[in-house]
Amino acid sequence: MADANALPQQRRFAETLRPDAWWVQPLAVFLGFSAFIVYSTWAAFHPLHNGVCAYWYNGGGADYLSPFFSPEIFGYSPHALFGPAPAWWPGWLFFSPAFFVLWAPAGFRFTCYYYRGAYYKAFWADPINCAVGEPRKSYLGERYFPLIIQNVHRYFMYVAVIFIFILGYDAWEGMWFKDASGAEHFGIGIGTLVLALNTVFLACYTFGCHSLRHLIGGFLDEPSKVSACAKSYACVSCLNHRHMMWAWISLFWVGFSDVYVRLCAMGVWHDFHIIF
């Protein structure tokens, strides 16, 4: 007679009783993440096109800066806070303004609670999907190196919030065009909308962060006991309920924003002005 209290035998890798196409979701996540990683890495290493800045567009009086390179600490555009490559930069090391920027959003997304669950499944098969056998036999959690560094997510969140305001300023700058005399006037181009939507989508993702919800709730297990904290917690929770959706929309759109600015700077695309 079988022991009713005995634990079921561990499934072999990819073994499952699920009749559905369980592999579609992790495959889609794998392809989506891989495409973004490949493109963003390529973009970071290609700040110039034929010797001209490829991440800043100023055609027709516009002023668009790619979010991959903002804030521009050192760089090739007029937005660079401290001018071109610093003198202390090693001559043997390739220089790109993106190196001073991408570490922050990359760290925020890499340690994000949603992204952890997504890329653990898609890249590490840990597990590859619910009720599907995984390749390892033991579970260590995130208490040991290197996964214990995932706990720095809350600190990356502080930096990510600052970036929202910086990108919002870039979107605002994209609303002011210079005419032939050099005078500025309000206008809206396709690039203006691209950068503005990028800020909105990233804000929806960032302000729906689990860590921010805990922070804005007052670090309380029962925020409802404090009226202000309860309202703030409920506001962030509205975005948090669709955290996955905003994560993917913002990931796609920030990549598209760089593509748009880059192709306009290269002369491949023309930025149409809606209000000029």
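Report on the accompanying structure. Here the residue numbers are simple positions, counted from 1 along each chain's written sequence. Residue-level local features of this predicted model are given only where pLDDT is at least 70; pairs of side-chain atoms are given and counted only at 80 or more, and the full residue set underlies all totals for whole chains, interfaces and linings. Computation of side-chain values covers all heavy atoms of the structure but excludes hydrogens and water.

## Here's the deal with the overall build of the protein chain
What the protein chain contains, in helices and strands, is 8 helices and 8 strands. Viewed in the frame of its principal axes, the protein chain has a C-alpha envelope of about 90 × 50 × 40 Å. Counting all 276 residues of the protein chain, 41% fall into the buried class. The contact criterion used throughout is that any non-hydrogen atoms of two residues lie within 4.5 Å. In the protein chain, the proportion of contacts linking residues at least 24 apart, taken out of those at least 6 apart, comes to 69%. Note on areas: these come from Shrake-Rupley sampling with a 1.4 Å probe, and a residue is covered only by the protein chains present in the view. Accessible surface computed for the protein chain: about 15,800 Å², of which carbon and sulfur atoms make up 69%. Neither His nor the chain ends contribute to the count of charged residues, in which Lys and Arg are positive and Asp and Glu negative. Positions of charges follow a simple convention, taking NZ of Lys, CZ of Arg, CG of Asp or CD of Glu. Counting 16 positive and 16 negative side-chain charges, the protein chain places the centres of these two groups 11 Å from one another. Counting from the N terminus, the helices are the DSSP runs of H or I reaching at least four residues and the strands are the DSSP runs of E reaching at least two. Each residue's exposure class comes from its accessible area (1.4 Å probe, protein chains only) as a fraction of the maximum for that residue type: buried when under 20%, exposed when over 50%, partly exposed otherwise.

## Concerning helix α3 (residues 113-124)
Each residue after the first adds 1.5 Å to the expected span of a helix. The first and last C-alpha atoms of α3 sit 16 Å apart over 12 residues, in line with the 16 Å expected at 1.5 Å per residue. Those residues of α3 that fall on the buried side of the exposure criterion are Tyr114, Tyr115, Arg116, Ala118, Tyr119, Tyr120 and Ala122.

## Things to note about the environment of Asn58
Structurally, Asn58 can be placed in the loop between β3 (56-57) and β4 (64-65). Judged by relative accessible area, which is 43%, Asn58 ranks as partly exposed. Remark: the alpha-carbon pair of Asn58 and Phe252, spanning 194 residues in sequence, is separated by 24 Å.

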